[in-house]
Each structure stands twice: as C-alpha cells, then as structure tokens.
Amino acid sequence: MRLLLINGPNLNLLGQREPELYGLSTLESIECDLREKAKAQGAQLECFQSNFEGALVDRIHKAIGEVDAILINAGAYTHTSVALRDALLGARIPYVELHLSNTNAREQFRHHSFLADKAIGVVSGFGVMSYQLALQGLLGYLRKGRESL
C-alpha cells in the first residue's frame, strides 16, 4: 500500500510552536516514526509539508494514480480551504483528516472543517498519537474495505 501524509501551514514549526497545544515533537520526528509504523504494517508512506495552499493542491493532484490513500493535517486550511476540499474530491483518493489538538475545544472558527464530511474518518485531540491512530484507521479501512466499517 502506498500512502501520502500531507501536512499544511505552520506544522513545520512543531516542537517550537505553542508546545502547550502541539507538544514538543518535531514534524521530522513524527514523520520518521509514522514511516516506521507504516513500514511495519507493509505500507509505504511518503510525507509532504507546505505552507502554501497551491502546493498542497498540486501534491494532491500528483497523488492521483500514485497512492492508495491520504492522511492529511491541513492545519488552518482545514477551516478555510474549499480548494483543498475540491482537490481531495477531484482526486477521488480516500483520506483521513487529523489534528494534534481537539479543534472543537478551541476557538469557534476552528469548529468547522471543509474536509471532514467527505473523509473516511477524523482523528483529533490526541497529540502525536493522532497521527498513529489515523494511520491505523486508514490501514484498517484499506485492508477490510469500506463495507466492513
């Protein structure tokens, strides 16, 4: 199985940005750990991060025919980007939305996601473990198929 992890704006600052919300782990360490967990499960994980909406859209387009599914932490674009939603829907690649923090326990503007209603699932609020839980859920979905969920 080929998977793509997409991280959006400001996630490159993990480990230094608001550690009380996001923890002390760097994006690099999260990606390395997740690659190892994917490999142990027989999957290949590619990681991509950008602060630019268009670069994220372009990477989703490039994923067509390359990957079986996407894990996405779109950061603030979760709450603002119709373009990311349209790219994910147009690519027709199953995806899981994930967040380190519980977005529903934060500011009101973070309560709405443009991605969640079409996602296989949403994992949020478990810190770094959100990535691991999202990976496990996505692998289970791909192995068992949609009918088993």
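Everything below is about the structure printed above this text.
Worth saying up front: this structure is predicted, and the values here are computed from it rather than measured.

1. Concerning the sheet that holds strand β1 (residues 2–7)
Here is step 1: If you walk across this open sheet you meet the 5 strands as β2-β1-β3-β4-β5, and the pairing is parallel. Edge positions in the sheet fall to β2 (44–49) and β5 (121–124), since each has one partner strand and no second. Taking each pair of neighbouring strands and ignoring which way they run, the sheet shows an average axis angle of 20°.
Here is step 2: Bridge count between strand β3 (residues 69–73) and strand β4 (residues 95–99): 3 bridges; the pairing is parallel. Across the sheet, residue I70 finds its bridge partner in β4, namely Y95.
Here is step 3: The sheet contacts of helix α2 (residues 27–40) involve β1, β2 and β3, and relative to β2 the element is tilted by about 160°.

2. Description of the pattern of salt bridges
Here is step 1: Evaluation of the coordinates by the stated rule reveals 5 salt bridges.
Here is step 2: Linking E46 and R59 is a salt bridge whose minimum nitrogen-to-oxygen distance equals 2.9 Å. Linking E46 in strand β2 with R59 in helix α3 (residues 53–62), this pair joins segments that are 13 residues apart in sequence.
Here is step 3: Overall, the relative accessible area of 34% leaves E46 in the partly exposed class.
Here is step 4: Given the relative accessible area of 5%, R59 is considered buried.

3. Some points on unusual backbone geometry
Here is step 1: Even without being a glycine, N10 presents a positive backbone phi close to 75°.
Here is step 2: Here N10 shows up in the loop between β1 and α1 (19–22).
Here is step 3: Positive phi is not limited to glycine here, since R92 has a value of about 55°.
Here is step 4: Inspection of the secondary structure puts R92 in the loop between α4 (82–91) and β4.

4. Considering the packing of α2 against helix α5 (residues 129–144)
Here is step 1: It is at 10 Å that the axes of α2 and α5 come closest, and there the two elements cross at 25°. Put simply, α2 runs roughly parallel to α5. Considering how the two elements wind past one another, α2 and α5 form a crossing that is right-handed. Each of I30, D33, L34, K37 and A38 in α2 lies in contact with α5, whose residues at this interface are Y131, Q132 and L135.

Basis of the calculations
Residues numbered from 1 in each chain as written. Predicted model: local features only at pLDDT ≥ 70, side-chain atom pairs only at ≥ 80, totals over all residues. Heavy atoms only, no water. Pairing = 2+ DSSP bridges. Helix = DSSP H or I, 4+ residues; strand = E, 2+ residues; numbered from the N terminus. Axes fitted to C-alpha atoms, helices over the stretch in contact; angles between N-to-C directions. Contact = heavy atoms within 4.5 Å. Salt bridge = Lys/Arg side-chain N within 4 Å of Asp/Glu carboxyl O. Buried < 20%, exposed > 50% of the residue type's maximum accessible area, 1.4 Å probe, protein only. Parallel < 35°, antiparallel > 145°, perpendicular 65-115°, else oblique. Left-handed = near helix turned anticlockwise from the far one by under 90°.

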